[in-house]
Amino acid sequence: MAVDTLTESVAESVFECVGNTPVVALNRLFPAPDVEVLAKLELMNPGGSMKDRAARHIVECGLREGSIRPGSHLVESSSGNFGIALAIAARVHGLRFTCVLDPKAASSNVAILRHLGTEVDVVTEPDGLGGYLHTRIRRVRQILASSPGAIWINQYANDRNWQAHYYGTGAELAAQLVRAPSYLFGAVSTTGSILGCARRLRENFPALRVVAVDAVGSVIFGAPAGPREVPGIGASRVPELLSPAEIDDVVHVNDFDAAMGCRDLLAAEGIFAGGSTGAVVAAIRRVLPELPRPCRVVAVFPDRGDRYLDLVYDDEWLAAARQRCAN
């Protein structure tokens with residue numbers, strides 16, 4: 001009797017589909033000779049962003065070691081993408097999840113969170129720096145105090161955040177790239193993704209230079225605080241994970257330039273990306289003329305564009321951002 005040797009490839013949950021994202025050359029957007037710009041399309045993760053990796057790694061490690069138990073109550077402050085990733089993790093693993101948001105969260109993100117069964121808690125009072133991060137964290141602490149046994153994921157200080165990208169995004173890039181890249185560009189908020197990728201890639205490519213793409217108005221690298229409208233990039237506090245010695249350069253990008261980066265990427269490459277990705281595109285465009293030739297750049301594209309339709313892809317929002325950033 002013949003034996004069927006074929007093996008089915010069926011994932012047990014959508015979270016098993018996280019990772020193994022492709023790398024694509026951006027030859028149409030960056031056609032200059034002696035320049036190669038490659039993009040790791042983290043926006044193709046099932047939850048729409050690279051935050052899927054951190055949420056999966058943090059939750060599943062916690063479940064294995066027992067620090068997170070079946071039915072546990074997770075709490076986190078998020079501008080949207082990490083909240084959605086945690087909401088998927090909570091749904092898959094039967095956990096309760098409260099996500100603390102602020103008024104800048106995209107309405108689509110809030111709707112997705114609610115449909116995933118997340119308890120959405122929206123703060124409305126800005127903090128002393130004009131943002132909401134400190135207010136959100138205060139609310140997280142209040143929830144923890146009133147909910148015995150609740151667990152704060154705390155992506156800004158959780159080492160499993162950068163480890164998710166060391167063992168995930170960075171390890172994949174190390175396997176996908178045979179020739180050494182000269183530069184790594186990555187958007188920053190918690191700094192977990194850029195540090196995890198850099199630490200892994202430098203094991204293969206020790207001469208790699210790491211460029212952090214931050215938002216104008218973010219205080220991560222000591223710049224003055226200011227208003228920011230594009231969620232998911234920058235922060236109004238310095239993350240505990242930050243290791244400045246591992247970052248070679250920082251490029252600050254304003255809301256308008258980030259939006260134009262999104263639009264130009266879509267027009268040239270057909271890649272429908274979010275605001276953080278647009279900021280990375282804008283940073284590469286600004287810095288590229290100054291880089292030595294030949295030059296090979298690898299960039300992490302963290303988010304997709306459907307949740308930014310009422311922001312960077314809205315013409316009225318863009319006009320207001322242009323005027324605001326010109327002042």
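Relevant structure appears above.
Residues numbered from 1 in each chain as written. Predicted model: local features only at pLDDT ≥ 70, side-chain atom pairs only at ≥ 80, totals over all residues. Heavy atoms only, no water.

**Q** Would you mind showing me how to read the side chain of Arg-53 here?
**A** Along the chain, the position of Arg-53 falls in helix H1 (residues 51-65). Accessibility expressed as a relative area gives 6% for Arg-53, which makes it buried. Among the polar contacts listed, one links the side chain of Arg-53 to the side chain of Thr-21, at a separation of 3.4 Å. Filtering out sequence-adjacent residues up to four positions away, Arg-53 remains in contact with Val-18, Gly-19, Asn-20, Thr-21, Lys-40, Glu-42, Asn-45, Ala-164, His-165, Gly-168, Thr-169 and Glu-172. (Helix = DSSP H or I, 4+ residues; strand = E, 2+ residues; numbered from the N terminus. Buried < 20%, exposed > 50% of the residue type's maximum accessible area, 1.4 Å probe, protein only. Polar contact = N/O pair within 3.5 Å; in protein donor to acceptor, adjacent residues only side chain to side chain. Contact = heavy atoms within 4.5 Å.)

**Q** I would appreciate a short explanation of the layout of surface pockets in the present structure.
**A** Remark: the empty space left among the atoms is shown by a probe the size of a water molecule rolled over them. One number sums up the size of the largest pocket: a volume of about 200 Å³. As for the largest pocket, its lining consists of 13 residues, and the residues nearest its centre are Arg-53, Arg-56, His-57, Ala-164 and Gly-168. Elements that contribute at least two residues to the lining of the largest pocket include exactly H1 and helix H5 (159-176). Here the lining of the largest pocket gets six residues from one element, more than from any other, and that element is H1. Looking at the lining of the largest pocket residue by residue, the classes come out as four nonpolar, four polar and five charged. (1 Å grid on protein atoms, 1.4 Å probe; cavity = no way out; pocket = protein on both sides within 12 Å on 5 of 7 lines; lining within 4 Å. Points joined across faces, edges and corners; volume = space filled by probe spheres on them. Nonpolar A, V, L, I, M, F, W, Y, C, P; charged D, E, K, R; others polar.)

**Q** Looking at this structure, how should I read the sheet that holds strand E7 (residues 183-187)?
**A** Strand pairing in a sheet relies on backbone hydrogen bonds. The paired strands run either parallel or antiparallel. Spatial strand order, E1-E2-E10-E7-E8-E9: six strands in an open sheet with mixed pairing. The outermost strands of the open sheet, each flanked by one partner alone, are strand E1 (23-25) and strand E9 (249-253). Going across the sheet, the axis of each strand differs from the next one's by a mean of 25 degrees, ignoring polarity. One ladder, built from three bridges, connects E1 with strand E2 (residues 35-41); its direction is antiparallel. Counterpart to Val-23 in the pairing with E2 is Lys-40. (Pairing = 2+ DSSP bridges. Axes fitted to C-alpha atoms, helices over the stretch in contact; angles between N-to-C directions.)

**Q** Is there a simple way to explain the pattern of salt bridges in this structure?
**A** Side chains that differ in charge, positive against negative, can pair when their charged atoms come close. For the coordinates displayed, the defined rule picks out 22 salt bridges. Here Lys-40 ties to Glu-172 by a salt bridge, and the two come within 2.7 Å at their closest N and O atoms. Pair noted here: Lys-40 is in strand E2 and Glu-172 is in helix H5, with a separation of 132 residues, a long-range link. Take Lys-40 and Glu-172: they sit in the same class, and that class is buried. The salt bridge involving Asp-248 is made with Arg-202; its shortest N-O contact spans 2.7 Å. Residue Asp-248 is found in the loop between strand E8 (209-215) and E9, and its partner Arg-202 is found in helix H6 (residues 192-204); the two are separated by 46 residues along the sequence. (Salt bridge = Lys/Arg side-chain N within 4 Å of Asp/Glu carboxyl O.)

**Q** Just checking my understanding: could you explain empty space enclosed by the protein for this structure?
**A** This model, assessed by the stated rule, comprises two cavities of 30 Å³ or more. If you list the elements that add at least two residues to the lining of the largest cavity, you get H1, helix H2 (81-93), helix H4 (133-146), H5 and H6. The calculated volume of the second largest cavity comes to roughly 30 Å³. Residue lining of the second largest cavity: Ala-215, Val-230, Ile-233, Val-253, Asn-254, Asp-255, Ala-258 and Ala-279, and that is the complete set.

**Q** Where do I start with the nonpolar core in this structure?
**A** Within soluble globular proteins, side chains that are nonpolar generally end up buried alongside one another. Residues Phe-185, Ile-284, Leu-288, Val-297, Phe-301 and Val-312 are the most contacted members of the largest nonpolar core, which totals 45 residues. Among the secondary structure elements, those contributing two or more residues to this core are E2, E7, E8, E9, helix H7 (255-269), helix H8 (275-287), strand E10 (295-301) and helix H9 (315-326). At seven residues, H8 tops the list of elements feeding residues into this core. Setting aside chain neighbours within four positions, we find Ile-284 in contact with Phe-30, Val-37, Phe-185, Val-297 and Ala-299. Of all hydrophobic cores here, the second largest spans 27 residues; its members include Leu-86, Leu-95, Ala-105 and Val-110. (Core = buried A, V, L, I, M, F, W, Y, C linked by side-chain atoms within 4.5 Å.)

**Q** How should I be thinking about the packing of aromatic side chains in this particular structure?
**A** Each aromatic ring pair is summarised here by two numbers: the centre-to-centre distance and the angle between the ring planes. Applying the stated criterion across every chain yields a total of three aromatic pairs. Ring centres 4.9 Å apart and planes at 85 degrees place the aromatic pair Tyr-166 and Tyr-167 in the edge-to-face group. Taken together, a centroid distance of 5.0 Å and an interplanar angle of 55 degrees make the contact between Phe-272 and Tyr-313 tilted. You can see Phe-272 sitting in the loop between H7 and H8 and its partner Tyr-313 sitting in the loop between E10 and H9, a full 41 residues away along the chain. These aromatic residues form a ring-pair network of at least three members: Trp-162, Tyr-166 and Tyr-167. Arg-199 extends its terminal NZ or CZ atom over the ring of Trp-162, reaching a point 4.5 Å from the ring centre. (Phe/Tyr/Trp six-rings, centres within 6.5 Å; stacked < 30°, edge-to-face > 60°. Lys NZ or Arg CZ within 6 Å of the ring centre and 35° of its normal.)

**Q** Please clarify how helix H3 (residues 107-115) should be interpreted in this entry.
**A** Within an α-helix, residues lying three or four positions from one another point in the same direction, as the helix has 3.6 residues per turn. Here H3 has its buried residues at Asn-109, Val-110 and Leu-113. In an axial view of H3, the angular spread of the buried residues amounts to 100 degrees, which keeps them on one side of the axis. Turned more than 90 degrees away from the buried face of H3 sit Ser-107 and His-115, all of them exposed. Residues of H3 that are buried sit in contact with H2, strand E4 (96-101) and strand E5 (119-122). Downstream of H3 by one or two residues, Gly-117 has phi in the positive range, about 90 degrees. (Arc of directions from axis to C-beta.)

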